[in-house]
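Listed below, chain by chain, are the residues.
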Amino acid sequence: MNNIIKTMIISAMMAAGTGTATAQQKDEFKYSDERFADLQMLRYKVEGFEQLSLKQKTLIYYLQEAALWGRDILWDQNCKYNLQIRKILEQTYTNYKGDKNDADFKAFEIYLKRVWFSNGIHHHYSTDKFEPGFSKEWFKNNVKCSDEIVDVIFNPKVMAKRVNLAEGVDLIESSACNYYDNVSQEEAELFYANQKAQGDNAHPVMYGMNSTLVKENPVKTAKEGNGLCAPQIKEVKWTTSGKYSESLKMIVKYLKLARPYAEDEKQKEVIDKLISYYETGDLKTFDEYSIAWVENTEPLIDFVNGFIECYGDPLGLKCSWESIVNFKDLEATKRTETLSQNAQWFEDNSPVAKEFKKETVKGITAKVIKAAILAGDLYPSTAIGINLPNSDWVRAEHGSKSVTIGNLTDAYNKAARGNGMLDEFAFSAKEKEIVEKWGDLTDDLHTDLHECLGHGSGKLLDGVDGDSLKAYGSTIEEARADLFALYYLADPKLVELGLLPNSEAYKASYIAQMQNGLITQFVRIKLGDNIEEAHMRNRALIARWALENGRGRESAGSVGEPPIDVIELVKRDGKTFVKINDYDRLRKLFGKLLAEIQRIKSTGDYEAAKSLVENYGVRIDSELHKEVLDRYAKLNIAPYKGFINPVYKAVKNSNGKIIDVKISYSEGYAEQMLRYSSKYSVE
Ligand code: ZN
């Protein structure tokens, strides 16, 4: 109640334009920004940046400049017309003198915002070309450009899909991405098969990852008079002296400026190798860089800058440019360290039968990082984890870095808070309050328990094959880790370890688990479809098993407990809600199911795994499914999300030396895109 009143006062003051509102607003970080088409823009908070040393801030500053300078590489990789079209659209947008409330202009603005978001004229996810909402006539009247460009924008047959994976056609020819020039799929495949055959098989480089493959037209040679040479297929490398040289030179410039501020000698070596690779394009150097990078685990600050993922190429060879600069989340890492140190206690006290427990268990310390900047193929739409490098042999011989990006997950969660889901699906104000108060904390702890302890607990009996559960294996494994987390979230040990503030907070995770497993996760599934994905099956399995096994008499485990339903599905005004009647007994049910699931895993009981998953984890009641989809549709939540970056400003003294770096979050979406285009463009 108090919160609602406070919010009303603040918005009233803001409307009146009084100064006091700004002071109060300061700690109210705005996670959600504008929404258009199928997109919702968000912001992430780089908490802890201000507390870094000047040296660390300076390192981040130069690395984020190096990150932003790669933007145009990706635009060109995505389609050869992208940069030209962006320029035309931005000029029109900035200089438009007509009525900005005009329907065509409004549609044009949305088109431009979508193009910005996708780093080109194709949808970032489906890779289909955008259909303009404005008329060709309006465009021709207001924009000066060639007929070719008009055709690329308006003709649905031209450059229709960025990455075509359909069978039976030439994938290169039918894809609009710009990794091959005048080369057929067959020619490209043959070219790289030859490279591979001649290369080092034990330590193969990632052939073709940093070049455009081109076929040069037959040329007349002077010597032989009128004879024609056979067409030549060759790679044009992406280096400081090859293709994308202007952008790469700027990236190298800022990497060199960052180098003196590196946190240790090894990190300097990482930067040196990366520069050398950008200069030569040598893929062996890239592997050396990857090894140095994966072994450089000490520094607080880390970064990725390069040609990394190959989803943008239908042949999966060419890598798109991306960058992220980040630093370790020390607080979150401390949390996972606490759990890790107490791993044996958790193993010894779990409700699992003794013969299935590990005598000695070692917890994993999960690494959580905070993104400081997102760029290239990680901006604005981004990943929430990093698992690199991609080279198989480097991973096998030198390991990989696997981290979650905590401040992005946090931003997604915080932004989702106001989207109406909780209002729509919470049984009452009481549940809503608990989730709002403790949901973020218990979400994090749930993940920590799941990852650091859950997956690592328990053991297989001697002679049991780890694959005996076959197709049901991953659902059972996820359920095991989730149940371990759920069981312990309600344990007084977590309060004792200082991980939870009181013995009530865990209820947020029980509400979330039951609501999600029984109702809300169905919004991600098409009506008529079954649950397929392992994590979703696991959530449904746990929630429905608890619902069924917590009914009436069956729930009354100990003598004297009245036969009530531990959980109920309540119908109100045609809407279904989850009501938890007894949290203690729900915990006992989680413990009981954990013991059974561990038994199934430890003994490799395929039939039991199959029956649990098929009975509880797969099907959706179609009437309930339809109801949930209808309720969700009314909330009008955007299916895709992306981030606006913070802005870093270097404060310099009269000698040009950086004396501080300031971070701010007030830049608007269009403002940011236009600034990037003017400041980080090499044309
Ligand atoms: Zn898992």
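Note that this is a predicted model, so its numbers are computed, not measured. (Residues numbered from 1 in each chain as written. Predicted model: local features only at pLDDT ≥ 70, side-chain atom pairs only at ≥ 80, totals over all residues. Heavy atoms only, no water.)

### Concerning the pattern of salt bridges
Worth spelling out the cut-off: The salt bridge definition used is simple: a Lys or Arg side-chain nitrogen within 4 Å of an Asp or Glu carboxyl oxygen. Strands here mean DSSP runs of E at least two residues long; helices mean DSSP runs of H or I at least four residues long; both are numbered from the N terminus. Throughout, exposure labels follow a simple rule: accessible area from a 1.4 Å probe, protein chains only, divided by the maximum for the residue type, with under 20% read as buried, over 50% as exposed, and the rest as partly exposed.
For the structure on display, the rule yields 45 salt bridges. A salt bridge links E187 to K215; its shortest N-O distance comes to 2.8 Å. Here E187, found in helix α9 (residues 185-198), pairs with K215, found in strand β4 (residues 211-216); they are 28 residues apart in sequence, far enough to count as distant. When its relative accessible area of 25% is taken as the criterion, E187 is described as partly exposed. On the basis of relative accessible area, K215 is assigned to the partly exposed category, the value being 21%. One network of salt bridges, with partners in common, ties together E424, K571, K575, E627 and R631.

### Notes on the environment of Y125
Secondary-structure assignment places Y125 in the loop between α6 (103-118) and α7 (136-142). Through-space distance from the C-alpha of Y125 to that of Y640 is 8.8 Å; in sequence the pair is 515 residues apart.

### Details of the packing of aromatic side chains
As a reminder of what qualifies: Ring pairs are drawn from Phe, Tyr and Trp, using the six-membered ring of Trp, whenever the two centres fall within 6.5 Å, and their geometry is named by plane angle: stacked under 30 degrees, edge-to-face over 60, tilted for the rest. By definition here, charges over rings are those cases where NZ of Lys or CZ of Arg is within 6 Å of the ring centre and within 35 degrees of the ring normal.
In this structure the tally under the stated criterion is 44 aromatic pairs. When the ring of Y96 is compared with that of F105, the centres are 4.4 Å apart and the planes differ by 15°; the resulting orientation is stacked. On the basis of relative accessible area, F105 is assigned to the buried category, the value being 2%. When the ring centre of W293 is taken as reference, the NZ or CZ atom of K401 above it lies at 4.1 Å. R572 extends its terminal NZ or CZ atom over the ring of F577, reaching a point 4.2 Å from the ring centre.

### Regarding helix α5 (residues 82-95)
What counts, and what does not: The length a helix should cover is 1.5 Å for every residue beyond the first. Should any heavy atoms of two residues lie within 4.5 Å, those residues are considered in contact.
The first and last C-alpha atoms of α5 sit 20 Å apart over 14 residues, in line with the 20 Å expected at 1.5 Å per residue. Residues N82, L83, I85, R86, I88, L89, E90, T92 and Y93 constitute the buried set of α5. Residues of α5 that are buried sit in contact with α4 (71-78), α6, α7, α8 (147-154) and α27 (669-679).

### Some points on the coordination of the zinc ion
Note the threshold: In this listing, donors mean N, O and S atoms no farther than 2.8 Å from the metal, or 3.2 Å for Na, K and Ca; water is missing from the atoms, so a site can look incomplete.
Within the protein, the atoms that donate to the zinc ion are H450 (NE2), H455 (NE2) and E478 (OE), at distances of 2.1 to 2.2 Å. Donor residues binding the zinc ion come from one chain and are separated in sequence as H-x4-H-x22-E. Taken together, the residues span a long stretch of sequence, with H450 in helix α18 (residues 429-454) and E478 in helix α19 (residues 473-489) at a distance of 28 residues. There is no split in this pair, since H450 and E478 are both buried.

### Focus: the environment of Y93
We count it as follows: Any N or O atom pair separated by 3.5 Å or less is treated as a polar contact, with the protein-specific requirement of one donor-capable and one acceptor-capable atom, and with residues adjacent in sequence counted only for side-chain atom pairs.
Topologically, Y93 is positioned in helix α5. Since its relative accessible area comes to 14%, Y93 is described here as buried. Once the C-alpha coordinates of Y93 and A608 are considered, the two residues, 515 residues apart in sequence, prove to be 62 Å apart. Setting aside residues up to four positions removed in sequence, Y93 forms contacts with K100, F105, F108, E109, L112, W116, A670 and L674. Here the side chain of Y93 touches E109 through a polar contact of 3.0 Å, side chain to side chain.

### With respect to the sheet that holds strand β7 (residues 320-328)
Which entries qualify depends on this criterion: When DSSP finds at least two bridges between two strands, those strands are taken to pair. All axes here are fitted lines through C-alpha atoms, helices being fitted over the stretch that makes contact, and every angle between N-to-C directions spans 0 to 180 degrees.
With mixed pairing, the five strands of this open sheet are ordered in space as β6-β7-β8-β10-β9. The open sheet is flanked by β6 (301-309) and β9 (385-388), the only strands paired with a single partner. Between one strand axis and the next, the sheet turns through 35° on average, direction left out of account. Bridge count between β6 and β7: eight bridges; the pairing is antiparallel. By the bridge assignment for β7, D302 is matched with N326.

### Observations regarding the confidence of the model for the protein chain
The test is simple: Each residue carries a pLDDT value, the predictor's own confidence for that position, ranging from 0 to 100.
In this model, the protein chain carries a mean pLDDT of 91, and residues with pLDDT of at least 70 account for 93%. Of the regions scoring below 50 in pLDDT, residues 1-26 engages in ten contacts with residues more than four places distant in sequence or in other chains.

### Quick look at unusual backbone geometry
Across residues other than glycine, the phi torsion is negative in most instances, and most of the peptide bonds are trans. Going from Y379 to P380, the amide bond is cis rather than trans, its omega being -10°. Along the chain, P380 falls in the loop between β8 (368-376) and β9. Residues L388 and P389 are joined by a peptide bond in cis, for which omega reads 0°. Among the secondary structure elements, P389 is positioned in the loop between β9 and α15 (392-398). For M159, which is not glycine, the phi torsion reads 55° and is therefore positive. Relative to the elements of secondary structure, M159 occurs in the loop between α8 and β3 (180-181). What makes M159 partly exposed here is its relative accessible area of 24%.

### A closer look at the packing of α6 against α27
Test applied: Working definition: roughly parallel below 35 degrees, roughly antiparallel above 145 degrees, roughly perpendicular at 65 to 115 degrees, and oblique for all remaining angles. Crossing handedness is read from the near helix: turned anticlockwise from the far helix by less than a right angle, it gives a left-handed crossing, and turned clockwise, a right-handed one. Following the grouping adopted for this structure description, the nonpolar residues are Ala, Val, Leu, Ile, Met, Phe, Trp, Tyr, Cys and Pro, the charged ones are Asp, Glu, Lys and Arg, and the polar ones are all others, Gly among them.
Their axes nearest at 11 Å, the elements α6 and α27 cross at an angle of 60°. On the basis of the axis angle, α6 is oblique to α27. The handedness of the crossing between α6 and α27 is left-handed. Residues K113, W116 and F117 of α6 touch α27, and the partners they reach there are Y669, A670, M673 and L674. In terms of residue class, the contact of α6 with α27 is built from six nonpolar, no polar and one charged.

### Quick notes on the environment of V661
Residue position: V661 is located in strand β15 (residues 658-664). Judged by its relative accessible area of 3%, V661 is buried. Put simply, V661 and K97 are 564 residues apart on the chain and 38 Å apart in space, counted from C-alpha to C-alpha. When near neighbours in sequence (up to four residues on either side) are disregarded, V661 contacts F49, K57, T58, Y61, Y648, K649 and A650.

### Quick word on the sheet that holds strand β1 (residues 32-36)
Two pairing modes exist for strands in a sheet, parallel and antiparallel, and in both the strands are linked by backbone hydrogen bonds. Reading across the sheet, the three strands line up as β1-β2-β13 and stay open at both edges, with mixed pairing between neighbours. Strands with a single pairing partner mark the edges of an open sheet, and in this sheet they are β1 and β13 (640-644). Averaged over all adjacent pairs, the angle separating strand axes in this sheet is 25°, with direction ignored. Sheet topology note: the β1/strand β2 (residues 39-43) ladder contains three bridges and is antiparallel. Across the sheet, residue S32 finds its bridge partner in β2, namely L42.

### Digging into α6
A rise of 1.5 Å per residue sets the reference length of α6, with its 16 residues, at 22 Å; its end C-alpha atoms lie 23 Å apart and thus fit the reference within 8%. α6 sits mainly inside the fold: twelve of its 16 residues count as buried. F105, A107, F108, E109, Y111, L112, K113, R114, V115, W116, F117 and S118 are the residues of α6 that are buried. Structurally, the start of α6 carries an N-cap: the backbone nitrogen of D104 is 3.1 Å from a side-chain oxygen of D102.

### Observations regarding the side chain of R539
Filter applied, for reference: The charge count includes Lys and Arg as positive and Asp and Glu as negative, but it does not include His or the ends of the chains.
Within the secondary structure, R539 is located in helix α22 (residues 534-549). The charged side chain of R539 is buried without a salt bridge, its nearest counter-charge being D482 at 4.8 Å. Beyond its immediate sequence surroundings of up to four residues, R539 is in contact with D482, Q513, N516, G517, Q521 and R524.

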